[in-house]
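What follows is each chain in one-letter form.
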Amino acid sequence: MGTKVKEREDPEAQGGLPPTFAKMEPGSGLGLSRETRTGLKAMKYISPTAVQKRVLPAALAGRDVLCAAKTGSGKTLAFVVPVLEKLAEEKWSARVDGIGALILTPTRELALQIFEELRGVGKKHRFSCGLLIGGGGRKALEEEKSRAGSLNILIATPGRLLQHMDETPYFDCNALKILVLDEADRILDMGFRATLDAILENLPRGGRGGDGRQTLLFSATQTKSVKDLARLNLSDPEYISIHEEASMPTPVKLQQAFVECPSSQKISVLWGFIKTHLKAKVLVFFSTCKQARFVSDAFSKLRPGVPLRCLHGHMKQMKRVATYDSSRGPRRSSSLPPMSRRGAWTFPTWTG
Ligand SMILES: Nc1ncnc2c1ncn2[C@@H]1O[C@H](COP(=O)(O)OP(=O)(O)OP(=O)(O)O)[C@@H](O)[C@H]1O
C-alpha cells in the first residue's frame, strides 16, 4: 500500500510557457524526451521554477548560459535536465561514447546532491554517472581510475578531476558535449582558478570556432570572477539573472537574524540556542575542522537532548557520507559541519 506523496509545490512558478514539464513533449517547441519527463514526474517535479523557465529554453537550444539565481531557486534541475537531454539528443551510447557531460562543483556534499538529482530525474535514461570527489585513500583512487573513463556523466570537484586528467590512463574528455560549472563563483573563490584553467586545457573548446562543447554556468551571484570565466570561451552566452533586483542572494522567505556577543561567550550562546531549539534541525558552520570537532565533542558530553553529528573534511569519506545522509533524514538532529575542503571520494555509479 503506497502513501501518496505530496507533489512538490513551487512557490515561484508563474504563468507563461511552458506550464508543466509533462507538456514539454517533443515537437512542442520545448520538447523533453519521454525518459526525462518520466523521471521528473517520478520526482514530483510538476512545473518549472522561475530559473528553470529562463534557463531551459536557452540551454535546450544548445546555447551557452551564464545564470545567477538565489540559492534554493532550483538551479540544479536547470542543468540536470539539459545534461540528460543533450546526451539523449546526441544518441549517446552508454557503453561506447565515454564521457559526454561534466559537472564541476566545489564541494563533495554538493556533488552528492547533484548525483541524487541526476539519478532520480535520469533513471529512465541509459547513461552511467559517477562522482569524482577526492579522498578515500589509494584504494578508492584506483577504483575510480578503473571506471572513470567509461562513465557518461561525471560530477567532479576540480582537484580530483585534474588528478584523473593527469594520472589516469585512457581518461579523456575529448568527446565532451556539455560542461556545467555549479557554484561557479565559489569554484573561483576557493582558489580553484589555476586548477580550472588546467582542466579547461584538457577539454574540447567551447564557443564560436570551438569543438561544439556547450557550457552552462550557475552561481548565486553574478560576481566579477564569474565574468572572468570568459576564458571558458562562451559563445554568445545567454545572461540570465533571476533575482537581479534582490539585495540578497538568498530566498525572500528565508528569515535571517543574528546575535552579537563577545567571542568568549560564543560557545555558551550556541549551547543556549541548541537547548532552546531541540525540536529544530540546526546546522552550525565553523571555519575549521578542529573547531567543529571540539564543539561537537564538548556538546555531546553535555548531553543536549538531541543527537549531534559532526561533519568535516578530515573525516573518512564513508563516515562523512553516512553522517551527511543521516543528518538529512527526518529525525531532528544537530550537525556541525565546517565548509568542506576538497578531497574525498565516493563512487556510486548508476547505469540504466
Ligand atoms: N520545478 C521544481 N518544482 C518543485 N520543487 C523544485 C523544482 N526545482 C527544484 N525544486 C526543489 O527546490 C529545492 C532547491 O533546489 P536546488 O537545490 O536545485 O536549488 P539551488 O538553486 O541549486 O540551490 P543551491 O544554490 O543551494 O544549490 C530542492 O529541494 C529541489 O528539489
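Residues numbered from 1 in each chain as written. Predicted model: local features only at pLDDT ≥ 70, side-chain atom pairs only at ≥ 80, totals over all residues. Heavy atoms only, no water.

### Here's the deal with the nonpolar core
Logical step 1: If you look at the biggest cluster of nonpolar residues, it comprises 46 residues, and the most contacted ones within it are Val55, Ile103, Leu118, Ile153 and Ile155.
Logical step 2: Element by element, the count of residues in this core is highest for helix α3 (residues 75-89), at 8 residues.
Logical step 3: If you look at the next biggest cluster of nonpolar residues, it comprises 28 residues, including Leu102, Leu104, Ala148 and Ala184. (Core = buried A, V, L, I, M, F, W, Y, C linked by side-chain atoms within 4.5 Å. Buried < 20%, exposed > 50% of the residue type's maximum accessible area, 1.4 Å probe, protein only. Helix = DSSP H or I, 4+ residues; strand = E, 2+ residues; numbered from the N terminus.)

### Observations regarding the pairing of strand β4 (residues 153-156)
Logical step 1: On β4, burial covers both faces: Ile153 and Ile155 on one face and Leu154 and Ala156 on the other are all buried.
Logical step 2: Inspection of the sheet shows strand β2 (residues 101-104) paired to β4 by 4 bridges, in the parallel sense. Paired with Ala101 across the bridge in β4 is Ile153.
Logical step 3: Bridging between strand β3 (residues 129-132) and β4 involves 4 bridges; their strand directions are parallel. Looking at β4, one finds that Leu131 is bridged to Ile155. (Pairing = 2+ DSSP bridges.)

### Quick word on the packing of helix α6 (residues 158-167) against helix α8 (residues 193-201)
Logical step 1: The interhelical angle for the contact between α6 and α8, taken along N-to-C directions, is 40°, at an axis separation of 9 Å. By the angle class used here, α6 and α8 are oblique. For the element pair α6 and α8, the recorded crossing hand is left-handed. Of the residues in α8, those in contact with Pro158, Gly159, Leu161, Leu162 and Met165 of α6 are Thr195, Ala198 and Ile199.
Logical step 2: In the contact of α6 with α8, the residues fall into 6 nonpolar, 2 polar and no charged. (Axes fitted to C-alpha atoms, helices over the stretch in contact; angles between N-to-C directions. Parallel < 35°, antiparallel > 145°, perpendicular 65-115°, else oblique. Left-handed = near helix turned anticlockwise from the far one by under 90°. Contact = heavy atoms within 4.5 Å. Nonpolar A, V, L, I, M, F, W, Y, C, P; charged D, E, K, R; others polar.)

### Quick notes on the sheet that holds strand β1 (residues 65-68)
Sheet strands pair by backbone hydrogen bonding; their relative direction is either parallel or antiparallel.
Logical step 1: A sheet is described by the order of its strands in space; here 7 strands give the open sequence β3-β4-β2-β5-β6-β1-β7, paired in parallel fashion. Every interior strand has two partners, whereas the edge strands, β3 and β7 (238-241), have only one. Taking the axes of each pair of neighbouring strands and ignoring which way they run, one obtains an average angle of 15° across the sheet.

### Some points on the pattern of salt bridges
Logical step 1: On inspection of all chains with the given rule, the structure shows 7 salt bridges.
Logical step 2: Among the ionic pairs, Arg34 bridges to Glu35, the shortest N-O distance being 3.9 Å.
Logical step 3: A salt bridge links Arg63 to Asp236, with the nearest nitrogen and oxygen atoms 3.8 Å apart. Taken together, the residues span a long stretch of sequence, with Arg63 in the loop between α2 (50-60) and β1 and Asp236 in the loop between α9 (224-228) and β7 at a distance of 173 residues.
Logical step 4: Residue classification places Arg63 among the partly exposed positions, given a relative accessible area of 30%. (Salt bridge = Lys/Arg side-chain N within 4 Å of Asp/Glu carboxyl O.)

### Focus: α2
Logical step 1: The element α2 is extensively covered by neighbouring structure, given that 9 of its 11 residues are classed as buried.
Logical step 2: Residues Ala50, Val51, Gln52, Lys53, Val55, Leu56, Ala58, Ala59 and Leu60 constitute the buried set of α2.
Logical step 3: In this structure, the buried side of α2 is in contact with β1, α3, β6 (214-219) and β7.
Logical step 4: Gly62 sits one or two residues past α2 and shows a positive phi near 90°.

### Focus: the environment of Leu154
Logical step 1: Mapped onto the fold, Leu154 is located in strand β4.
Logical step 2: Classification of Leu154 by relative accessible area gives buried; the value is 0%.
Logical step 3: Separated by 53 residues in sequence, Leu154 and Ala101 place their C-alpha atoms 6.3 Å apart.
Logical step 4: Leu154 has contacts with Ile99, Ala101, Leu102, Ile103, Gly130, Leu132, Ala148 and Phe171, leaving out every residue within four places of it along the chain.

Structural measurements only, silent on function.
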